[in-house]
Amino acid sequence: MKTTKQSFYALAVIIAGALLFSCEKTPVCEAVAIVPRPQQVTMQEGTYKARLARLEESISYVTDATLGEEAYVLQIAPKGITVSSSTPAGAFYAKQSLWQMLPAEKGVKAVKLPCCTITDAPAFAYRGAHLDVCRHFFSVDEVKEYIDILAMNKLNRFHFHLTEDQGWRIEIKAYPKLTEVGAFRNGTMVEKNWNQVDSVRYGGFYTQDEIRDIVQYAADRFITVVPEIEIPGHALAALASYPELGCRGEGYEVSPYWGVFPDVFCPGKEETFKFWEDVLTEVMELFPSEYIHIGGDECPKQEWEKCPLCQKRMKEEGCANEFELQSYVTRRVEAFLNAHGRQIIGWDEILEGGVTPTATIMSWRGTAGGVAAAQKGNKVIMTPNSYCYLDYYQSRDVDKEPLAIGGFLPIEKVYSFNPYEGLTEQQQKYILGVQGNVWTEYIKTFDQVEYMLLPRICAIAETAWTLNGRDYEDFALRMQHMRTYFDANGWNYARHMFEKE
Ligand code: ACM
Ligand code: ZN
């Protein structure tokens, strides 16, 4: 039994079971109301019953080398539970599924699970969520809470956006001013009023010990933290700290405004490359991720056009225009990272002046960049703003919503994303995965991060994990159970999808 019928069947089992046992104290668990939906569930006769406190002891773990890296088989039989996987990651996902079959409410002492076999594996190897901690800063504990939400959704990449115009958020020992100066701004624009800046000093950063703590916390949940260091744009916080790294060499300020700014790093100077290499050396020491994100988005070229050193560099390197100068930067930084065994990810702008075949493209301005990259044979992570930007409004009734950047991205639309659209079967192989992005210009508190993330990240997770045979109605039904975990964890979440029912 595959696809949605099986879930409806399972829900019928839940409802029938709930009626049958409604006079007993033991709640009947919500059968296979799991998100993201497992690839295959086969219901069997019988029930497994256990004291909740002893459930973990009754799980047998089996190594099955024939299973894929993150795949698992979860068998619930009357006499016990068996988890088969080839890796600890597979066993972790089996347990995530099992926990979702248990009641979320506290105080439950005993459980009954319907016997079944769940055979599961992810559609994509890269299943991500991004958090911008620069426009607004979030504590280590809040970042860990974010990671918990990813883990529950079987996501395996946390894209940590660490540098911006409005704040540099990672301690770099070789450049202490990045956090002494660059981690703080003297004010923040008030809502969307470009003429009004408050005078509240705002900022924060993670020490290297805190970064190590976050990386380990994520690794314990089989999540790789992919750090992003913006090169060569979104650089004001770095330039305020080290003005000599800009074309003009002076007059920079950590920005109190949102947006895209003409002052970017100067690639005409060798010391700029030394800075990037020194920073990335420390970043590589902290983050074991194979992929390092080097940004590359929204880099205006007007300062480069005026800068004699940039123009000299272009002549020496045979760059026909400033887009090719950015490409020179990207290639040189990529070569440095490759020499240390790492790979780059860049936003889709890095395609503009030409890229190496080894760069991975993160497609954000729709899917066009991703499609073009896959057609060339570059690897791609799909995170189009049209489906994956979780800072967009999730209702048209914006007066009732917290202030957001704009857009309209209800969960139904997030769920409808097809990462393979426009690609041949051969080109589809280059799609590494899918990611949801949380930019925080208008997200001041972690409570609001949760509200923007939940429940839409569950829709992204189901695209990334399940992909085929998705059915929104079935998803919405399973989300009724998932929300009980949001409640149990005290997570703030948007109610729109639940109110419609
Ligand atoms: C982006 O949203 N500027 C990548
Ligand atoms: Zn320059």
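A brief report on the enclosed structure follows. Since the structure is predicted, the reported quantities are computational estimates derived from the model, not experimental observations.

Describing the overall build of the protein chain
- Within the protein chain one finds 19 helices and 19 strands.
- Seen through its C-alpha atoms, the protein chain measures out along the principal axes to roughly 80 × 50 × 40 Å.
- Residues counted as buried form 59% of the 501 residues belonging to the protein chain.
- If you take every contact in the protein chain between residues at least 6 apart in sequence, the share linking residues at least 24 apart comes to 71%.
- Approximately 19,700 Å² of the protein chain is accessible, and the part contributed by carbon and sulfur atoms is 51%.
- Positive and negative side-chain charges in the protein chain, numbering 50 and 67 respectively, have mean positions lying 4 Å apart.

Side note on the coordination of the zinc ion (ligand 2)
- Note on the zinc ion (ligand 2): its protein donors are C247 (SG), C266 (SG), C307 (SG) and C310 (SG). The metal-donor distances range over 2.3 to 2.4 Å.
- Every donor counted, the four donor atoms about the zinc ion (ligand 2) form angles of 108 to 113° at the centre, which fits tetrahedral coordination.
- When the donor residues of the zinc ion (ligand 2) are listed from N- to C-terminus, their spacing reads C-x18-C-x40-C-x2-C. Here C247 is found in the loop between α7 (236–241) and α8 (270–286), whereas its partner C310 is found in helix α10 (residues 308–317), with 63 residues between them in sequence. In this structure, C247 and C310 share a single accessibility class: buried.

Digging into α10
- Burial in α10 covers these residues: C310, R313 and M314. The buried side chains of α10 occupy one side of the element, clustering within an arc of 100° when seen end-on. Exposed side chains of α10 directed beyond 90 degrees from the buried face belong to P308, K312 and K315.
- Each element contacted by the buried residues of α10 is listed here: α8, α9 (302–306) and α11 (322–339).
- Of the residues trailing α10, G318 is marked for its positive phi of about 70°.

Remarks on the sheet that holds strand β5 (residues 110–120)
- As summarised here, the arrangement of the five strands in space is β1-β5-β3-β4-β2, forming an open sheet in which the pairing is mixed. Bordering the open sheet on either side are β1 (40–51) and β2 (59–63), each of which pairs with just one other strand. Averaged over all neighbouring strand pairs, the angle between strand axes comes to 25°, with direction disregarded.
- Sheet topology note: the β1/β5 ladder contains nine bridges and is antiparallel. Bridging from a neighbouring strand, T42 pairs with T117 of β5.
- Packed on one face of the sheet, helix α3 (residues 88–100) meets β2, β3 (72–77), β4 (80–85) and β5 and runs near 45° to β3.

Some points on the side chain of H293
- Locating H293 in the fold gives a position in strand β15 (residues 291–293).
- Residue class for H293 comes out buried when judged on its relative accessible area of 0%.
- If sequence neighbours within four positions are ignored, H293 has contacts with H159, V226, P227, E228, I229, I345, G346, W347 and M362.

A word on the pattern of salt bridges
- The tally for this structure, following the rule as stated, stands at 23 salt bridges.
- One salt bridge connects E164 with R135, and the closest N-O pair in it is separated by 3.3 Å. You can see E164 sitting in strand β8 (residues 163–164) and its partner R135 sitting in the loop between β6 (126–132) and α4 (140–152), a full 29 residues away along the chain.
- E164 sits in the buried class, given a relative accessible area of 1%.
- Notably, a salt bridge pairs R135 with E441, separated by 3.5 Å at the nearest N-O pair. One end of the pair, R135, is in the loop between β6 and α4; the other, E441, is in the loop between β19 (431–438) and α16 (446–453), and 306 residues separate them in sequence. With respect to burial, R135 and E441 carry one shared label: buried.

Digging into the environment of G369
- Locating G369 in the fold gives a position in helix α12 (residues 368–376).
- Considered as a pair, G369 and R135 are 234 residues apart in the sequence and their alpha carbons are 25 Å apart.
- Ignoring anything within four residues of it in the chain, the contact list for G369 reads D348, L351, I361 and S363.

Side note on the pairing of β6
- For β6, the tally of buried residues reaches seven of seven residues, placing the bulk of the element in the interior.
- Burial along β6 is two-sided: Y126, G128, H130 and D132 facing one way and R127, A129 and L131 facing the other are all buried.
- Sheet topology note: the β6/strand β7 (residues 157–161) ladder contains five bridges and is parallel. Bridge assignment links G128 to a residue of β7, and that residue is R157.

So, the packing of α10 against α11
- Close contact between α10 and α11 brings their axes to 10 Å; oriented N to C, the two are set at 75°. Viewed along their axes, α10 and α11 adopt a mutual orientation that is roughly perpendicular. Residue-level inspection shows C310, Q311, R313, M314 and E317 of α10 in contact with α11, the latter providing E322, L325, Y328 and R332.
- For the contact of α10 with α11, the class distribution of residues is four nonpolar, one polar and four charged.

Focus on the packing of α4 against helix α6 (residues 208–219)
- Running from amino to carboxyl end, α4 crosses α6 at an angle of 15°, the nearest separation of the two axes being 10 Å. Considered as vectors, α4 and α6 are oriented roughly parallel to each other. Viewed along their axes, α4 and α6 form a crossing whose handedness is right-handed. From α4, V140, V143, K144, I147 and D148 reach across to α6, where they touch E210, D213, I214, Y217 and A218.
- Here the residues of the contact of α4 with α6 sort into six nonpolar, no polar and four charged.

Scoring rules and cut-offs
Residues numbered from 1 in each chain as written. Chains lettered and ligands numbered in written order. Predicted model: local features only at pLDDT ≥ 70, side-chain atom pairs only at ≥ 80, totals over all residues. Heavy atoms only, no water. Helix = DSSP H or I, 4+ residues; strand = E, 2+ residues; numbered from the N terminus. Buried < 20%, exposed > 50% of the residue type's maximum accessible area, 1.4 Å probe, protein only. Contact = heavy atoms within 4.5 Å. Areas by Shrake-Rupley, 256 points an atom, 1.4 Å probe, with all protein chains shown as cover. Lys, Arg positive; Asp, Glu negative; His and termini not counted. Charge placed at Lys NZ, Arg CZ, Asp CG, Glu CD. Donors = N, O, S within 2.8 Å, 3.2 Å for Na, K, Ca; no water. Tetrahedral: all angles 85-135°; square planar, octahedral: opposite > 155°, others 65-115°. Arc of directions from axis to C-beta. Pairing = 2+ DSSP bridges. Axes fitted to C-alpha atoms, helices over the stretch in contact; angles between N-to-C directions. Salt bridge = Lys/Arg side-chain N within 4 Å of Asp/Glu carboxyl O. Parallel < 35°, antiparallel > 145°, perpendicular 65-115°, else oblique. Nonpolar A, V, L, I, M, F, W, Y, C, P; charged D, E, K, R; others polar. Left-handed = near helix turned anticlockwise from the far one by under 90°.

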